[in-house]
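Residues per chain, in single letters:
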Amino acid sequence: MQLIFNQSLKPYNTFGFDIYARSFAMAYTEQDILDSVDASHELNLPLKVLGGGSNLLIRKDMEALILKMEIDGITSSELPSGDVLVRAGGGCDWEKLINYAADKKLWGIENLTMIPGKVGSAPIQNIGAYGVEIKDVFHSLRAFDLQTGRFNEMTAGECRFGYRDSLFKHEGRERYIITEVTIRLTKRPSPSIRYEQVEGTLKRKGIQSPNPIDIVQVIREIRRSKLPEIHEVGSAGSFFKNPVLYGAEAKRFTVENPQAPVYLINDVMSKVAAGWLIEQCGWKGFKRGEAGVWPLQALVLVNYGKATGDEIIALADEIITSVHKKFGVTLEPEVNFW
Ligand code: EPU
């Protein structure tokens, strides 16, 4: 494992903030993880793990050893049921796994194409899009436990998945380093095209029995039409979660705002589209200095060049305040802050 000192993290966070790390290393193997734990003790610096840096807002230079996960590789094995277990390294690009599954005509994650980041980050916030979340196909993961100094296998139940949420955002925060994720995919055609836009685009293209590659292509087209290309404009995808409203609050909201996009989760919980709330407050396309709200999707905050993390946070705070004032609903960030 090679240690680098005073490394810029600009290439390693999709907001593109030019922040420095006191110490930096890449983990290509599990041994590199053990070595970096030793190095962090020797240097007396906290160890911070970085995946694709695509759901992260870094505010200031990091007095830490930043370990970038690069454990790669994908393997698969077929079960007697015909389902296929696909195992991928935590540092494997998520899109590489999407392509692997689509090429083999395996169903389950095709709706999750073009979500930037690494395989090992996907369970942390239970990534989701177009009606599918990773928890729907999750089998298990392997993680290094910094508290016990051991590698463990963890099941879905142990990961405690919720909407953009898991154990790794609570008690498991900064405790586990995810080195491998196993998902269960199927050869049985099982498209999940409940989303109007997905269904509509397939229809428009005249595709009646899509295969996973068709779905991947359709979703790429939809995402490209709304979301900034992370290589061109700094962002972390959705900045806020879609707020969940309960019982009477949900009722009040829908009565007062009959035109709002509200999705029923169950009898007592509904999710409101945060992008809509933000747009209604007039923020869509707003720009101050080089920080802004993406003109095509108000849920995405962007760095047009030299904005700082603090400027993005100041903008996020103003958005939270104005949405609360107009709708009585509290937005919560989806991105992690360092
Ligand atoms: N909307 C507006 N104005 C906007 C944005 C959205 O009115 O500026 C409305 C849309 O018209 C639509 C509704 O809000 O009726 C929902 O919008 P959209 O389908 O674009 O999805 P979203 O709820 O904004 C979520 C995820 C995305 C994911 C999409 C597609 C969260 C926080 N975000 O966005 O995930 O790609 O659904 O399923 O759950 C991410 O997590 O980084 C991310 C991009």
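None of the values given here were measured: they were computed from a predicted structure. (Residues numbered from 1 in each chain as written. Predicted model: local features only at pLDDT ≥ 70, side-chain atom pairs only at ≥ 80, totals over all residues. Heavy atoms only, no water.)

In this section: the environment of Asn242. By secondary structure assignment, the location of Asn242 is in the loop between strand E13 (234–238) and strand E14 (244–246). Overall, Asn242 belongs to the buried group, its relative accessible area being 16%. C-alpha separation for the pair Asn242 and Ser23, spaced 219 residues apart in sequence, amounts to 35 Å. With residues up to four places along the chain from it excluded, the contact list for Asn242 reads Tyr163, Lys271, Val272, Ala273, Ala274, Gly275 and Leu299. (Helix = DSSP H or I, 4+ residues; strand = E, 2+ residues; numbered from the N terminus. Buried < 20%, exposed > 50% of the residue type's maximum accessible area, 1.4 Å probe, protein only. Contact = heavy atoms within 4.5 Å.)

It is worth spelling out helix H4 (residues 196–204) at this point. Where H4 is concerned, the buried positions are Val198, Thr201 and Leu202. Seen from one end, H4 has its buried residues packed into an arc of 100 degrees, which puts them on one side. Exposed and oriented more than 90 degrees from the buried face of H4 are Glu196, Lys203 and Arg204. Where H4 is buried, its residues meet helix H5 (212–226). Following H4 by one or two positions, Gly206 has its phi on the positive side, about 70 degrees. (Arc of directions from axis to C-beta.)

A positive phi angle, near 50 degrees, is found at Arg160, a position not held by glycine. The residue Arg160 is located in the loop between helix H3 (156–159) and strand E12 (176–185) in this model. Positive phi is not limited to glycine here, since Glu174 has a value of about 60 degrees. Within the fold, Glu174 resides in the loop between H3 and E12.

Here Ser23 shows up in strand E2 (residues 20–27). For Ser23, a relative accessible area of 0% corresponds to the buried category. Once residues within four sequence positions are removed from consideration, Ser23 is found in contact with Leu3, Ile4, Phe5, Leu43, Leu45, Ala64, Leu65 and Ile66.

This brings us to the domain arrangement of the protein chain. Assigned domains of the protein chain: these are domain 1 (4–69), domain 2 (74–185) and domain 3 (234–337). Distance between the C-alpha centres of domain 1 and domain 3: 29 Å. With 10 residues of domain 1 in contact, the opposing surface of domain 3 contributes 18 residues. Of the roughly 1,100 Å² buried between domain 1 and domain 3, counting both surfaces, carbon and sulfur atoms make up 56%. Considering only the surface of domain 1 that becomes buried against domain 3, Phe15, Asn55 and Leu57 emerge as the three largest contributors, covering 57% of it. For the pair domain 1 and domain 3, the interface holds five residue pairs in polar contact (both at pLDDT 80 or more). By residue class, the composition of the side of domain 1 that touches domain 3 is five nonpolar, four polar and one charged. (Domains from an automatic or database assignment. Buried area = accessible area lost by both parts, 1.4 Å probe. Polar contact = N/O pair within 3.5 Å; in protein donor to acceptor, adjacent residues only side chain to side chain. Nonpolar A, V, L, I, M, F, W, Y, C, P; charged D, E, K, R; others polar.)

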